[in-house]
Amino acid sequence: METLDQLLRRIRRCQLCQPHLSHKVRPVLQAASTAKVLIVGQAPGAKAAASGLPFDDPSGDRLRDWLGVDREQFYDPALFAIVPMGFCYPGKGRAGDLPPRAECAPAWREDLLAHLTDIQLTLVIGQYAQAYHFGKSCGGVTQCVQDWQAYGASVIPLPHPSPRNNLWLRRNPWFETELLPVLKARVASAIMP
């Protein structure tokens with residue numbers, strides 16, 4: 001089996017989705033075999049694709065706030081593996097970014113996750129990640145996140161932290177009062193030395 005570093009080098013050279021994109025591919029992810037928290041996102045946005053840092057945008061600011069961590073902790077691959085469903089920015093659609101490209105997960109996900117053996121907490125963010133990880137049993141983002149306790153202590157489904165979800169957050173105040181304190185506590189417990 002190849003090392004994680006070898007696999008990450010191959011992923012960062014990947015061109016699978018290039019024929020389907022109008023811009024250059026740039027796989028954006030973060031991983032180390034010692035990571036304690038796995039963040040399963042959807043796909044990097046335009047700003048993250050430009051900088052090469054996952055969640056390097058207002059969504060990331062909100063996510064870090066939800067997790068109770070700063071940028072230094074968040075971008076420490078020994079603490080956080082950030083492995084979206086699609087590694088490249090998929091482009092803009094009519095109502096936001098397009099869905100993650102379908103080629104990415106089947107090509108890379110299984111091999112990559114096999115290297116992440118110290119994960120104590122997995123955060124599954126947004127509809128595409130939840131559909132992949134939970135299947136149809138999830139029932140959509142709102143239902144999936146409302147049922148967060150059903151996934152056990154090591155997995156938490158989350159809505160996407162995008163500013164586009166401000167209305168969802170206003171309509172679901174239980175998310176902030178009930179789930180976020182538990183999320184922060186579980187993240188702190190997972191990343192403590």
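Computed from a prediction, not measured in an experiment: that's the story for all the values here.

### Quick notes on the overall build of the protein chain
Now for step 1: When helices and strands are tallied, the protein chain shows nine helices and six strands.
Now for step 2: For the protein chain, whose C-alpha radius of gyration is 16 Å, the value lies close to the compact-globule estimate of 16 Å for 193 residues.
Now for step 3: For the C-alpha atoms alone, the extent of the protein chain along its principal axes is close to 45 × 45 × 30 Å.
Now for step 4: Taking all 193 residues of the protein chain together, 47% fall into the buried category.
Now for step 5: Looking at the protein chain as shown, the accessible area adds up to about 9700 Å², and 52% of this sits on carbon and sulfur atoms.

### Regarding helix 9 (residues 174-191)
Now for step 1: The end-to-end C-alpha distance of helix 9, which contains 18 residues, comes to 25 Å, matching closely the 26 Å that a straight helix rising 1.5 Å per residue would cover.
Now for step 2: The sharpest bend along helix 9 reaches about 35° and sits at leucine 180, with the proline proline 181 one to four residues further on.
Now for step 3: Buried within helix 9 are the following residues: Trp174, Phe175, Leu179, Leu180, Leu183, Val187, Ala190 and Ile191.

### Digging into helix 6 (residues 126-134)
Now for step 1: By the burial criterion, the buried members of helix 6 are Gly126, Ala129, Gln130 and Phe134. Looking down the long axis of helix 6, one finds its buried residues gathered within 100° of arc, a one-sided arrangement.
Now for step 2: Looking at the packing, one finds that the buried side of helix 6 touches strand 1 (37-40), strand 5 (121-125), helix 7 (141-146) and strand 6 (155-158).
Now for step 3: Where helix 6 terminates, the next one or two residues include glycine 135, which has phi positive at roughly 70°.

### A look at the packing of helix 1 (residues 4-12) against helix 5 (residues 104-114)
Now for step 1: One can describe the packing of helix 1 onto helix 5 by two numbers: an axis separation of 10 Å at closest approach and a directional angle of 160°. By the angle between their axes, helix 1 is roughly antiparallel relative to helix 5. Two packed elements cross with a definite hand, and for helix 1 against helix 5 that hand is left-handed. Two secondary-structure elements touch here, helix 1 through Leu4, Leu7, Leu8, Arg10 and Ile11 and helix 5 through Trp108, Asp111 and Leu112.

### So, the UniProt feature "domain: Uracil-DNA glycosylase-like" (unreviewed entry) in the protein chain
Now for step 1: With numbering aligned to this structure, UniProt lists the feature "domain: Uracil-DNA glycosylase-like" (unreviewed entry) at residues 28-184.
Now for step 2: Between the end C-alpha atoms of residues 28-184 the distance is 25 Å, and the span holds 40% helix and 13% strand.

### Section: the sheet that holds strand 6
Now for step 1: Reading across the sheet, the four strands line up as 2-1-5-6 and stay open at both edges, with parallel pairing between neighbours. Two strands lie at the open edges of the sheet, namely strand 2 (80-82) and strand 6, each paired on one side alone. Averaged over all pairs of adjacent strands, the angle between strand axes in this sheet comes to 15°, irrespective of strand direction.
Now for step 2: Summarising the sheet, strand 1 and strand 5 pair through four bridges and their orientation is parallel. Residue pairing across strands places valine 37 opposite leucine 121, the latter belonging to strand 5.
Now for step 3: Packed on one face of the sheet, helix 9 meets strand 1, strand 2, strand 5 and strand 6 and runs near 135° to strand 6.

Thresholds applied
- Residues numbered from 1 in each chain as written.
- Predicted model: local features only at pLDDT ≥ 70, side-chain atom pairs only at ≥ 80, totals over all residues.
- Heavy atoms only, no water.
- Helix = DSSP H or I, 4+ residues; strand = E, 2+ residues; numbered from the N terminus.
- Rg over C-alpha atoms; globule rule 2.2 N^0.38 Å.
- Buried < 20%, exposed > 50% of the residue type's maximum accessible area, 1.4 Å probe, protein only.
- Areas by Shrake-Rupley, 256 points an atom, 1.4 Å probe, with all protein chains shown as cover.
- Expected span 1.5 Å × (residues − 1).
- Bend = angle between axes of the 7 residues up to and from the residue.
- Arc of directions from axis to C-beta.
- Contact = heavy atoms within 4.5 Å.
- Axes fitted to C-alpha atoms, helices over the stretch in contact; angles between N-to-C directions.
- Parallel < 35°, antiparallel > 145°, perpendicular 65-115°, else oblique.
- Left-handed = near helix turned anticlockwise from the far one by under 90°.
- UniProt positions renumbered as here; feature names shortened; annotations may be inferred.
- Pairing = 2+ DSSP bridges.

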